[in-house]
Amino acid sequence: MDLYRELLLDHYKNPRNFGKLKTGKGTAFESNPSCGDKIGVAIKVNKKGEIGKISFWGEGCVVSMAAASMLTEEVMKRKKLENIKKINEETVLEMLGGKKNVPPARFRCALLGFNTLRSALMTGLVLVKEHPH
Amino acid sequence: MVRENKKYFPIFETQQDLVYLDSAASALRPKAVIDKEKEYYEEYPVNIHRGVYRLAERAGEEYEFARKKLAEFIKAKIPEEIVWTRNATEAINLAAGTWGEKYVKNGDEIALTIMEHHANLVPWQQLAIRKGAKLKYLDINEEGKPEMNQKNWNKWISKKTKIAAITQASNVLGTINDVKAMIQLIKQINPRVKVLVDGAQAVPRMKVDVDDMGADFYAATGHKMYGPNGVGWLWARKELLEEMPPYQTGGGMIEEVKKYQTIFAGLPDKFEAGTVNIPGVLGLGAAVKFLNGLGMTNIRKHEIEINRYALKRLKEIRGLKVLGSGEPEERTGIYSFWVDGVHPHDLAQILSGENIAVRAGHHCAQPLHDRLGLVATTRASIGVYTSRADVDKLINGIDKAIKLLRG
Ligand SMILES: Cc1ncc(COP(=O)(O)O)c(C=O)c1O
């Protein structure tokens with residue numbers, strides 16, 4: 001097991017898309033009461049109905065922070081909602097080096113950003129529906 | 001002395017480089033305890049209660065002998081004042097669910113301290129909700145000790161207080177409460193208040209005299225006192241146990257059952273319904289014998305010695321803060337701390353890579369962490385087997401984590 005690899009530490013120390021994007025509805029904020037990790041995610045849907053911008057903020061351990069950071073990059077890579085919706089828990093664990101690399105006790109850390117992203121997408125999708133381009 | 005103590009614990013035979021610093025969660029188990037459970041299963045693995053054949057007699061005798069040994073260990077007047085439970089949590093639920101259910105009424109007050117473990121908090125909180133009673137918390141000071149000024153106390157304990165539930169030793173702060181003085185003060189303000197002491201962390205670490213401290217109830221758990229899992233105990237004064245309704249009903253706790261009514265058995269059977277954890281109780285008896293063999297005075301001396309060394313070494317780490325008292329004599333070997341720039345989960349994980357076992361989280365004391373403005377801490381807690389070399393490895397591990405994560 002090599003959880004604290006260079007890649008993760010790099011994302012932890014230099015988080016990508018970090019900050020608080022001001023969007024109307026596409027934001028969510030969730031926390032993990034057992035360790036106090038908190039992550040917010042904001043998405044901005046562009047005119048094409050794709051994700052134009054994403055940001056995350058909050059505080060937490062290496063696993064939750066690095067996973068969230070990597071996740072935002074993945075979202076920007078996929079752009080299209082139908083592709084983003086295909087991201088699942090497996091995808092996230094794969095980004096962290098696969099299940100063998102993440103001890104079960106840390107799954108909740110790993111998935112905090114993902115769960116927050118889903119919530120943000122939900123409110124964001126409502127937004128898309130309300131204002132069809 | 002400590003190197004010698006490791007030899008009693010079989011786990012060190014197969015895991016020589018294990019640094020076990022999670023004894024506040026569960027202590028490791030000595031061979032004597034494991035052997036006692038094995039003896040039961042191999043030699044007389046039968047039920048107790050009115051067995052007339054020889055094996056049942058033997059099991060029954062061993063079972064009551066363990067009760068007697070524990071009674072002597074904690075200075076209970078008679079063995080029947082001890083009720084076996086599954087753990088400390090069940091012991092406290094038993095007190096809240098029987099004595100509390102019977103006597104706590106709408107408008108009454110229940111007094112707790114802010115440092116209580118959830119096990120000594122949630123059962124009282126839920127009782128208060130059921131009854132419309134009010135919870136009152138005693139705060140702590142900078143050193144993690146209970147506020148002891150008159151003004152706070154007069155708010156904490158009143159004429160309406162029915163029961164106070166306080167821990168003897170905090171599972172987070174390392175604080176040792178002077179429960180004897182606290183009980184005296186409580187009863188000075190209101191002599192009718194009953195006091196339950198949570199001894200889960202104190203029993204394995206110091207001499208306990210339930211009678212002398214003036215408690216009415218005392219709860220503890222087997223797995224933290226080097227005994228088996230699945231067994232704990234409640235001590236209560238005989239008069240109280242007699243006036244309390246049974247906790248669970250069924251077999252083993254009856255004198256006579258008719259179709260429409262039942263006469264309950266006397267102590268201690270009244271509170272031990274169903275087939276009990278016989279090997280667990282026997283193992284706990286062996287744990288008491290083990291603790292007696294080492295001597296509680298020696299155990300405490302060793303703890304203070306490790307405290308002195310560990311507190312000094314931990315203080316050397318920049319950005320590390322240990323909760324609770326800095327005086328080795330005033331505290332237990334339970335060190336909760338945070339390190340600037342290093343999340344407790346990461347620290348515990350990185351230490352695990354070095355085969356060092358510590359715990360990260362709120363340690364079942366969320367209201368306490370809220371009070372301290374922390375969400376999680378890392379906790380290292382020692383046992384009778386802990387050596388200075390273990391402390392050194394911990395310090396090196398923390399250094400390593402800091403190098404990896406800071407900057
Ligand atoms: C102070 C304190 N009280 C009660 C308990 C509960 O013990 P158990 O889980 O065995 O019921 C613990 C265990 O963590 C504890 O530390």
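Above this text sits the structure in question.
Residues numbered from 1 in each chain as written. Chains lettered and ligands numbered in written order. Predicted model: local features only at pLDDT ≥ 70, side-chain atom pairs only at ≥ 80, totals over all residues. Heavy atoms only, no water.

Student: Explain the pairing of strand β1 (residues 27-32) of chain A to me, please; I cannot follow it from the model alone.
Tutor: When a strand is regular, its side chains alternate between the sheet's two faces. Residue and element names in this part refer to chain A. Of the strand pairs in this sheet, β1 and strand β2 (residues 37-45) are connected by six bridges, and their pairing is antiparallel. Note that in β2 the partner of A28 across the bridge is V41. Between β1 and β2, which pair antiparallel one after the other, the connecting turn spans four residues, and G36 there sits at a positive phi close to 85°. (Pairing = 2+ DSSP bridges. Helix = DSSP H or I, 4+ residues; strand = E, 2+ residues; numbered from the N terminus.)

Student: Would you take a moment to explain the pattern of salt bridges for this structure?
Tutor: Once their charged atoms are close, side chains differing in charge can pair, the charge on each being opposite to the other. Per the counting criterion, the structure on display carries 42 salt bridges over all chains. R16 of chain A is the partner of D10 of chain A in a salt bridge, and the nearest nitrogen-oxygen pair spans 2.7 Å. You can call D10 of chain A partly exposed: its relative accessible area is 29%. Residue R16 of chain A is classed as partly exposed on the basis of its relative accessible area of 23%. Ionic pairing is found between E242 of chain B and K238 of chain B, a salt bridge with its closest N-O pair at 3.6 Å. Separated by four residues within a single helix, E242 of chain B and K238 of chain B lie in helix α10 (residues 238-243), roughly one turn from each other. Assessed through its relative accessible area of 45%, E242 of chain B is described here as partly exposed. (Salt bridge = Lys/Arg side-chain N within 4 Å of Asp/Glu carboxyl O. Buried < 20%, exposed > 50% of the residue type's maximum accessible area, 1.4 Å probe, protein only.)

Student: For this particular structure, what's the right way to read the nonpolar core?
Tutor: Soluble, globular proteins show a tendency: their nonpolar side chains are buried together. Among the nonpolar cores identified, the biggest contains 67 residues, and Y335, F337, L394 and I398 of chain B are the most heavily contacted of them. The dominant element in this core, judged by the number of residues it contributes, is helix α2 (residues 62-78) of chain A, at nine residues. Contacts of F337 of chain B, omitting those with residues within four sequence positions, involve L320, K321, V322, L347, T377, T378, A380 and I398 of chain B. Residues F9, A76, A215 and L284 of chain B belong to the second largest nonpolar core, which totals 63 residues. (Core = buried A, V, L, I, M, F, W, Y, C linked by side-chain atoms within 4.5 Å. Contact = heavy atoms within 4.5 Å.)

Student: Sorry if this is basic, but what is going on with the site of the ligand here?
Tutor: Neighbouring the ligand are N87, A88, T89, H117, A119, N171, D198, A200, Q201, T221, H223 and K224 of chain B. In terms of residue class, the shell around the ligand is built from three nonpolar, seven polar and two charged. (Near = heavy atom within 4 Å. Nonpolar A, V, L, I, M, F, W, Y, C, P; charged D, E, K, R; others polar.)

None of this, on its own, says anything about what the molecule does.
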